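Observations on the three-dimensional arrangement
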Amino acid sequence: MMNCCLAGFLAPVYIGTTPAAFLLALPLIAVIAVAYKAIKLEKLEVITFVRESSILFGSIVAFMVLTAVIIYAVMKVIVG
Amino acid sequence: MRQTAEKLKLPHLGFLFLAGVLGWWIPGAGHWVIGQPKRAAIIFISLTFAFVLGIYIGSIAVIDLKTPWFWAQILYSPATVYIAHLSGSVYHLDSFGRPREIGEIYTAIAGMLNLLCVVNAVYMAHCINIKEQNE
């Protein structure tokens, strides 16, 4: 029974060294945005909650992309 | 079903302790006991999703008693200790490289987010008690 339940959790999945691996950050950012807004909003209404969570999700992604671009530019200047 | 210290016949601190401990044992349960079922459901689903995805990506070997990550992971729930026991003593598993790192990050962030939720549940329980005393 335990083996059956744990079957998918006993071996790690394969993650290649590709740019697509960065997409694994998206579910985590979504969870952070949703959990944070769930405790932050005074009144939980569907429309407000979805809007606020989406804004937070978008801003985290945007700032991560911006940071990546800046680091890439700095590395290009320094290393060439 | 909103519970308060008075309804449960608990002292003020006991009610806060109950909300905190329940929130730690089952993510979202702290909010559920103070009458916030929507928040409780959102917290439970989102944090459990992150935790389960983390152990799916890196296997249950990412829950390792010997790493500092464990102290963040255990904030998700005491059940983490049982998972650590399964991976270390029962199945003798280990994982390496990128899947392990990503799994550790997912599970540890789920734990730290749960700490945030527990603190919020305790604060809300405190506010409810103060409001009730004033009434």
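Just so we're clear, the structure is a prediction, and the values are computed from it rather than from any experiment.

In this section: the overall build of chain A. The helix and strand tally for chain A stands at three helices and zero strands. When the elements of chain A are put in sequence order from the N terminus, they spell out α-α-α. A total accessible area of about 5700 Å² is found for chain A, and carbon and sulfur atoms account for 77% of it.

Further remarks concern the overall build of chain B. Summing up its helical and strand segments, chain B has six helices and zero strands in all. Along chain B, from the amino end to the carboxyl end, the secondary structure elements read α-α-α-α-α-α. With the C-alpha coordinates aligned to their principal axes, the bounding extent of chain B is approximately 55 × 25 × 20 Å. Across the 135 residues of chain B, 50% fall into the buried class. Counting only contacts in chain B whose residues sit at least 6 apart along the sequence, the fraction spanning at least 24 positions is 69%. As displayed, chain B has an accessible area near 6800 Å², and 71% of this comes from carbon and sulfur atoms. Across chain B, the centroid of the 9 positively charged side chains sits 8 Å from that of the 7 negatively charged ones.

A word on the pattern of salt bridges. Under the criterion given, the structure shown has five salt bridges over all chains. Of the charged contacts, one joins A:Glu52 and A:Lys37 as a salt bridge, the two residues approaching to 3.3 Å between their closest N and O atoms. One end of the pair, A:Glu52, is in helix α3 (residues 46-79); the other, A:Lys37, is in helix α2 (residues 25-40), with 15 residues separating them in the sequence. Connected through salt bridges with shared partners, the residues B:Asp64, B:Lys66, B:Arg100 and B:Glu104 form a single ionic network.

The next subject is the nonpolar core. Counting residues in each nonpolar core, the largest one holds 32 residues, and the members touching the most others are B:Leu47, B:Phe51, B:Ile55, B:Ile63 and B:Tyr106. Take this core: its biggest share by element is seven residues, from helix α3 (residues 37-58) of chain B. If we ignore the near neighbours within four places in the chain, the residues touching B:Tyr106 are A:Leu24, A:Pro27, A:Leu28, B:Ala50, B:Leu53, B:Gly54 and B:Ile57. B:Leu16, B:Ile34, B:Met124 and B:Ile128 belong to the second largest nonpolar core, which has eight residues in total.

So, about the interface of chain A and chain B. Many descriptions give the size of an interface as the accessible area lost when the pieces come together. Each side of the interface is counted separately: chain A has 28 residues, and chain B has 32 residues. A combined buried area of about 2600 Å² lies between chain A and chain B, and 75% of that area is made up of carbon and sulfur atoms. Sorting the residues of chain A by area buried against chain B places A:Phe9, A:Leu28 and A:Ile39 first, and these three jointly supply 25% of that buried surface. Applying the counting criterion to the chain A and chain B interface returns zero salt bridges. In this assembly, chain A and chain B are joined by seven residue pairs in polar contact (both at pLDDT 80 or more). Elements with a contribution of two residues or more to the side of chain A that touches chain B: α1 (2-6) and α2 of chain A. At nine residues, the largest contribution of residues to the side of chain A that touches chain B is made by α2(A). Split by residue class, the side of chain A that touches chain B holds 22 nonpolar, four polar and two charged.

In the predicted model, chain B carries a mean pLDDT of 89, and the fraction of residues at 70 or more is 93%. Within chain B, no element has a lower average pLDDT than helix α5 (residues 79-90) of chain B, which sits at 89, and none a higher one than α3(B), at 95.

On to unusual backbone geometry, then. Residues and elements named next belong to chain B. Even without glycine at this site, serine 59 takes up a positive phi of about 75°. Summarising the element assignment, serine 59 is placed in the loop between α3 and α4 (69-73). Judged by its relative accessible area of 1%, serine 59 falls in the buried class.

Once that is clear, we can look at the packing of aromatic side chains. The geometry of an aromatic ring pair is captured by the separation of the ring centres together with the interplanar angle, meaning the angle of the planes. Across all of its chains, the model carries four aromatic pairs over all chains by this definition. On the basis of an interplanar angle of 80° and a centroid distance of 6.2 Å, the ring pair of A:Phe9 and B:Tyr56 is categorised as edge-to-face. In this pair, A:Phe9 sits in the loop between α1 and α2 while B:Tyr56 sits in helix α3, so the two residues belong to two different chains. Accessibility expressed as a relative area gives 18% for A:Phe9, which makes it buried. The class for B:Tyr56 is partly exposed, based on a relative accessible area of 41%.

Rules used throughout
Residues numbered from 1 in each chain as written. Chains lettered and ligands numbered in written order. Predicted model: local features only at pLDDT ≥ 70, side-chain atom pairs only at ≥ 80, totals over all residues. Heavy atoms only, no water. Helix = DSSP H or I, 4+ residues; strand = E, 2+ residues; numbered from the N terminus. Areas by Shrake-Rupley, 256 points an atom, 1.4 Å probe, with all protein chains shown as cover. Buried < 20%, exposed > 50% of the residue type's maximum accessible area, 1.4 Å probe, protein only. Contact = heavy atoms within 4.5 Å. Lys, Arg positive; Asp, Glu negative; His and termini not counted. Charge placed at Lys NZ, Arg CZ, Asp CG, Glu CD. Salt bridge = Lys/Arg side-chain N within 4 Å of Asp/Glu carboxyl O. Core = buried A, V, L, I, M, F, W, Y, C linked by side-chain atoms within 4.5 Å. Buried area = accessible area lost by both parts, 1.4 Å probe. Polar contact = N/O pair within 3.5 Å; in protein donor to acceptor, adjacent residues only side chain to side chain. Nonpolar A, V, L, I, M, F, W, Y, C, P; charged D, E, K, R; others polar. pLDDT = per-residue confidence, 0-100. Phe/Tyr/Trp six-rings, centres within 6.5 Å; stacked < 30°, edge-to-face > 60°.

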